[in-house]
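# Coordinate analysis (summary)
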Amino acid sequence: MSQKYIKSQNKNSHSAAYGKYYATAVYDNRFVETEQLAEFIQTQASVKKSDIKAVLDELGSALKHFFELGQKVRLDGIGILKVGFSSIGVSKVEDCTSATITTRRILFMPETERVVVGQEKKPDGSVKQKYVNAISLLKDVVFEETHDNSMNAEPEGNTGDNTGSNTGGGNSGNEGLGDGD
């Protein structure tokens, strides 16, 4: 299987990337629910589906518990989850209270690993490796163009910036994680 994409054109005439084509992620209209996820995990592990489902059902409560304690949660092989929020700006420090918090969200930073993509020999004889940080969950994902109308393209696929980049699915998901995580 592969992650499907369609070709879409940037139609924002105010963008430096106006008229350029980008690959935009498309997804099946259905969600993978807890039951199906537990069934799949059961085929990969020596644990019964009922036990896996029970653990997955409790995951939300466990995350909430640790978020309420102000902690970040690292799931090996997946990434880091933590609380993020927006607040209203106020002029006086004493007016900055929890009542000024307006939007709450979960921030996700996927686990990455350093992947060597080449090397360069320096004049002094030493070797410098070239590498990229790959998102572990996506490292081996295959991409394939589709024309299947039963799949929906994510409308926020174009970031709207003037760099000409396209995330193929909107927000990068690591907003606000630049605090040394």
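In case you missed it, the structure is sitting above this.
The sections below set out a description of the structure shown in this document. In this convention, every chain numbers its residues from 1, walking through the sequence in written order. Thresholds applied to this predicted model are a pLDDT of at least 70 for local features of residues and 80 or more for the giving and counting of side-chain atom pairs; totals over whole chains, interfaces and linings are not thresholded and use all residues. Think of the side-chain values as coming from all heavy atoms in the structure, minus any hydrogens and water.

## Overview of the pairing of strand S7 (residues 127-135)
Any two strands with at least two DSSP bridges between them are considered paired. Think of it this way: any DSSP run of H or I at least four residues long counts as a helix, any run of E at least two long counts as a strand, and we number them from the N terminus. Note: strand S6 (residues 112-121) against S7, 9 bridges, orientation antiparallel. Across the sheet, lysine 121 pairs through a bridge with valine 127, a residue of S7. A loop of 5 residues connects S6 with S7, the two strands running antiparallel in sequence, and glycine 125 in this loop sits at a positive phi of about 95 degrees.

## Focus on a nonpolar patch on the surface
Where nonpolar side chains cluster on the molecular surface, the patch consists of Ile78, Ile135, Leu137, Leu138, Val141 and Phe143 and spans about 510 Å² of accessible area. Tracing the sequence through the fold places isoleucine 135 in strand S7. Nonpolar side chains (Val, Leu, Ile, Met, Phe, Trp, Tyr) are joined into patches within 5 Å and like charges within 9 Å, using only residues with over 30% relative accessible area and no salt bridge. A 1.4 Å probe and the Shrake-Rupley method give the accessible areas. Residues count as covered only by the protein chains that appear here. Each salt bridge in this description consists of a side-chain nitrogen of Lys or Arg and a carboxyl oxygen of Asp or Glu lying within 4 Å of one another.

## Examining the environment of threonine 103
Within the fold, threonine 103 resides in strand S5 (residues 101-110). Residue classification places threonine 103 among the partly exposed positions, given a relative accessible area of 38%. Taking the C-alpha atoms as reference points, threonine 103 and glycine 84, separated by 19 residues in sequence, lie 8.4 Å from one another. When near neighbours in sequence (up to four residues on either side) are disregarded, threonine 103 contacts Gly84, Phe85 and Ser86. The buried label applies to any residue whose accessible area, calculated with a 1.4 Å probe on protein chains only, is under 20% of its type's maximum; exposed applies above 50%, and partly exposed to all values in between. Two residues form a contact once any of their heavy atoms are found within 4.5 Å.

## Details of the pattern of salt bridges
Across all of its chains, the model carries 7 salt bridges by this definition. The shortest N-O distance in the salt bridge between glutamate 35 and lysine 49 comes to 2.7 Å. Linking glutamate 35 in helix H1 (residues 34-44) with lysine 49 in helix H2 (residues 49-68), this pair joins segments that are 14 residues apart in sequence. Under the relative-accessibility criterion, glutamate 35 is labelled partly exposed at 37%. Taking the shortest distance from any N to any O, the salt bridge between lysine 130 and glutamate 120 comes out at 3.7 Å. Here lysine 130, found in strand S7, pairs with glutamate 120, found in strand S6; they are 10 residues apart in sequence, far enough to count as distant. With relative accessibility at 36%, the residue glutamate 120 sits in the partly exposed group.

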